[in-house]
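# Per-entry structural report
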Amino acid sequence: MYAVSLNRNGLGIVLGVAIAYFLFAAAAIAFTRLSANVALLWIANAPLLAALLSRPAAERPWHVIACFGASIAATLSISPYGVLSPLFAFANAGEALIAFLLLRRFGGREKPFESLRALAIFSGVAGFAAPFVTGALPAIALWAFQDTPPLIIWSNWIVGHGLGALIGTPVALLAIGGAAYRERFARPREALRILWVGTLLLGVTAMCFVQHGLPLLFLPILPLIVATMIFRLAGAALGVFAIAMIGVGFTVNGHGPIQLIAASEAFHL
């Protein structure tokens, strides 16, 4: 990749992706970094990976550079590991770049959620391979910095970043990938169906997580199926994202059926 000048629209997209990256990174550090660990749900790489997959080649170097800076800014403003911010930024931005290059190499770049084969490639690359490679760097750094067992950091990085990519990238593609990703969601006169399906999914998910007396984790799957049948990729992506965010919010505050498991906060999340 090589840097070239951007037009006004391209610059706006780059800035928007970088701002989204900063906000997601700061939220992940603030709310999902438990027990002197790395963030356990890292969605910040999703807008960067989506931009690399869907935006013109001329923008790609700028997205990587801008999100590298956004990662440093988030770490410096929220994390106690500010001195390691360039290293974390290198691992974070490098992870999205590795995922993009591997997807291009193995044919999963074009509409990565359109078929089971494409989904399998995306899951293997962005959900495991890329965080597996980049996770070694922060694992070694935190072992040297605070004597945390490196295998714990590495495994948490792989899980947190892998799940973040799987949960966040489809939604990011809906936002910046063009109308092809939105399908039925973008059709006229869909507002009423969006309202009742969204209300159903949010209400059932909140009802599931507001209590911790019954194991009701199966319930949100039912409105998620409805959303997927009606809105296809958009329904599935936004539904999974909503369930994940509601689940994280309640779980880190000690609510929800996950509390029935006798384990640490990190394990719950």
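The structure displayed is predicted, hence computed values, not measured ones.

## Points about the overall build of the chain
Of the regular secondary structure elements, the chain holds 11 helices and zero strands. Helices and strands in the chain line up, N terminus first, as α-α-α-α-α-α-α-α-α-α-α. Here the C-alpha atoms of the chain give a radius of gyration of 19 Å, agreeing with the 18 Å that 2.2 N^0.38 yields for 269 residues. Overall size of the chain, expressed as C-alpha extent along the three principal axes, is 50 × 45 × 35 Å. Partitioning the contacts of the chain with sequence separation of at least 6, the portion at a separation of at least 24 is 70%.

## Examining the packing of aromatic side chains
Here the structure, examined in full by the defined rule, presents six aromatic pairs. With 6.3 Å between their ring centres and 15° between their planes, Tyr81 and Phe88 make a pair best called stacked. Residues Tyr81 and Phe88 agree in their burial class; the two are buried. Among the aromatic side chains, those forming a connected cluster through ring pairs are Tyr81, Phe88, Phe145 and Trp157. Across from the ring centre of Phe106, 5.3 Å away, lies the NZ or CZ of Arg105, which sits over that ring.

## Some points on the environment of Pro223
Mapped onto the elements, Pro223 comes out in helix α9 (residues 221-231). In the structure, Pro223 is positioned 155 residues away from Phe68 in sequence and 37 Å away in space, judged by C-alpha atoms. Leaving out residues up to four positions away in the same chain, Pro223 has contacts with Leu200, Leu201 and Val204.

## Observations regarding helix α5 (residues 116-134)
Here α5 spans 26 Å end to end across 19 residues, near enough to the 27 Å set by a 1.5 Å rise per residue. All buried positions along α5 are accounted for by Ala118, Ile121, Phe122, Val125, Ala126, Gly127, Ala130, Pro131 and Thr134. On its buried side, α5 packs onto α2 (45-54), α4 (85-106), α6 (136-146) and α7 (150-176).

## What to know about the nonpolar core
In a soluble, globular protein the nonpolar side chains are often hidden away together inside. In terms of nonpolar packing, the biggest core is built from 34 residues, with Tyr21, Trp42, Leu48 and Leu49 touching the most fellow members. Those elements that provide at least two residues to this core are α1 (8-32), α2, α3 (60-78), α4, α5 and α7. In this structure Leu48 touches Val17, Tyr21, His63, Val64, Cys67, Ala93 and Ala96, once residues within four positions along its chain are discounted. Judged by nonpolar contacts, the second largest core, of 11 residues, contains Leu41, Ala234, Phe241 and Val248.

## Some details on a nonpolar patch on the surface
On the surface, a nonpolar cluster with roughly 390 Å² of combined accessible area is contributed by Leu11, Leu15, Ile19 and Leu23. By the secondary structure assignment, Leu15 is in helix α1.

## Notes on the packing of α2 against α3
Viewed as axis vectors pointing N to C, α2 and α3 meet at an angle of 170°, and their least axial separation amounts to 9 Å. In terms of orientation, α2 and α3 fall into the roughly antiparallel class. Within the contact between the two elements, α2 uses Leu48, Ala51 and Leu52 and α3 uses Arg60, His63, Val64 and Cys67. For the contact of α2 with α3, the class distribution of residues is five nonpolar, one polar and one charged.

## Some details on the side chain of Thr32
Within the fold, Thr32 resides in helix α1. A relative accessible area of 4% places Thr32 in the buried class. Residue contacts for Thr32: discarding those within four places in its chain leaves Ala27, Val38, Ala39, Leu40, Leu41, Val248 and Leu269.

## Looking at α3
Given 3.6 residues per turn, any residue in an α-helix points the same way as the ones three and four places further on. Here α3 contains 19 residues, and its C-alpha end-to-end distance of 27 Å stays within 8% of the 27 Å for a straight helix at 1.5 Å per residue. Every buried residue of α3 is accounted for by Arg60, Pro61, His63, Val64, Cys67, Ala70, Ser71, Ala74 and Thr75.

## Notes on the packing of α5 against α7
In contact at an axis separation of 8 Å, α5 and α7 are set at 145° when each is read in the N-to-C sense. Regarding α5 and α7, the two cross each other, and that crossing is right-handed. Counting all contacts with α5, which are made through Phe122, Ser123, Ala126, Gly127, Phe128, Pro131, Phe132 and Thr134, the residues of α7 involved are Trp154, Trp157, Ile158, His161, Gly162, Ala165, Leu166 and Thr169. Of the residues that constitute the contact of α5 with α7, the class distribution is 10 nonpolar, six polar and no charged.

Reading the values: the criteria
Residues numbered from 1 in each chain as written. Predicted model: local features only at pLDDT ≥ 70, side-chain atom pairs only at ≥ 80, totals over all residues. Heavy atoms only, no water. Helix = DSSP H or I, 4+ residues; strand = E, 2+ residues; numbered from the N terminus. Rg over C-alpha atoms; globule rule 2.2 N^0.38 Å. Contact = heavy atoms within 4.5 Å. Phe/Tyr/Trp six-rings, centres within 6.5 Å; stacked < 30°, edge-to-face > 60°. Buried < 20%, exposed > 50% of the residue type's maximum accessible area, 1.4 Å probe, protein only. Lys NZ or Arg CZ within 6 Å of the ring centre and 35° of its normal. Expected span 1.5 Å × (residues − 1). Core = buried A, V, L, I, M, F, W, Y, C linked by side-chain atoms within 4.5 Å. Patch = residues over 30% accessible without salt bridge, like charges linked within 9 Å, V, L, I, M, F, W, Y side chains within 5 Å. Areas by Shrake-Rupley, 256 points an atom, 1.4 Å probe, with all protein chains shown as cover. Salt bridge = Lys/Arg side-chain N within 4 Å of Asp/Glu carboxyl O. Axes fitted to C-alpha atoms, helices over the stretch in contact; angles between N-to-C directions. Parallel < 35°, antiparallel > 145°, perpendicular 65-115°, else oblique. Nonpolar A, V, L, I, M, F, W, Y, C, P; charged D, E, K, R; others polar. Left-handed = near helix turned anticlockwise from the far one by under 90°.

Nothing here speaks to function; it is geometry throughout.
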